[in-house]
Amino acid sequence: MFQTMSVPSQASLETKLPINVRRCLSKLLSSDLDFHRDASNLASHALHAFAAKFPPQLPRVFIEGLTVKGETVMDPMMGSGTAIVEAFLCGRRAVGFDIDPLALMICRVKTHPVDFLEATWAGKRVLGSAVQLLQRADFVPV
Ligand SMILES: C[S@@+](CC[C@H](N)C(=O)[O-])C[C@H]1O[C@@H](n2cnc3c(N)ncnc32)[C@H](O)[C@@H]1O
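The structure displayed is predicted, hence computed values, not measured ones.

A. Focus on helix α4 (residues 82-89). α4 sits mainly inside the fold: 6 of its 8 residues count as buried. Burial in α4 covers these residues: T82, A83, I84, V85, E86 and A87. Buried residues in α4 make contact with α3 (57-66), β1 (72-75), β2 (93-96) and α5 (101-110). Within two residues after α4, G91 carries a phi angle of roughly 80°, on the positive side.

This is the structure we're talking about:
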């Protein structure tokens, strides 16, 4: 037997929000949310392409306007994790979900802290191997 779930209307959701949150949300929604001229390649945001990413400034406006440092931001359809990265950059905790395994992988990489020295050594090792390969007499470039 099917069980039906009633989806709350926009109006009922809005009235369930505390008045101060409603006021704040309404102010944020009526502010200038056009970020076309802003850079979107800051931090780890441009690490990998992803369809329908939103500009990092968009979640930032709502994260800063609706939460305080230490609070948790949740994005149930996080895609490549733009909101998750912004939450971390704003000093919030974050949790995200997505049904797309590629989205999960991209977000995991974008939010993984990289040790600078370790990354430098790894880069040097890769360059060293490439130089050795190029110097081999039998090396044939493909
Ligand atoms: C427009 S993208 C989000 C992009 C994200 N804001 C960003 O900047 O990368 C929407 C995401 O919702 C995910 N999605 C769609 N239906 C879902 C569901 N039922 N549960 C979890 N994720 C879902 C898709 O896989 C997709 O990654």
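There is more to say, and it comes next.
B. How the structure looks around the pairing of β2. Along β2, the buried face is formed by A94 and G96; none of R93 and V95, which line the opposite face, is buried. Where β1 meets β2, 4 bridges bridge the pair, whose relative direction is parallel. From the neighbouring strand, T72 faces β2, where its bridge partner is R93. The parallel pair β1 and β2 is bridged by α4, and the resulting crossover is right-handed.

C. Spotlight on unusual backbone geometry. One non-glycine residue, A43, lies in positive phi territory at about 45°. Relative to the helices and strands, A43 resides in the loop between α2 (19-29) and α3. C-beta crowding within 10 Å serves as the criterion here: with 13 such atoms nearby, A43 is assigned to the partly exposed category. If you check the backbone angles, A52 has positive phi at about 60° while not being a glycine. Looking at the element boundaries, A52 is found in the loop between α2 and α3.

Analysis parameters
- Residues numbered from 1 in each chain as written.
- Predicted model: local features only at pLDDT ≥ 70, side-chain atom pairs only at ≥ 80, totals over all residues.
- Buried ≥ 20, exposed ≤ 12 C-beta atoms within 10 Å, placed from the backbone.
- Helix = DSSP H or I, 4+ residues; strand = E, 2+ residues; numbered from the N terminus.
- Contact = placed C-beta atoms within 7 Å.
- Pairing = 2+ DSSP bridges.
- Right-handed = clockwise from strand over helix to strand, strands pointing away.

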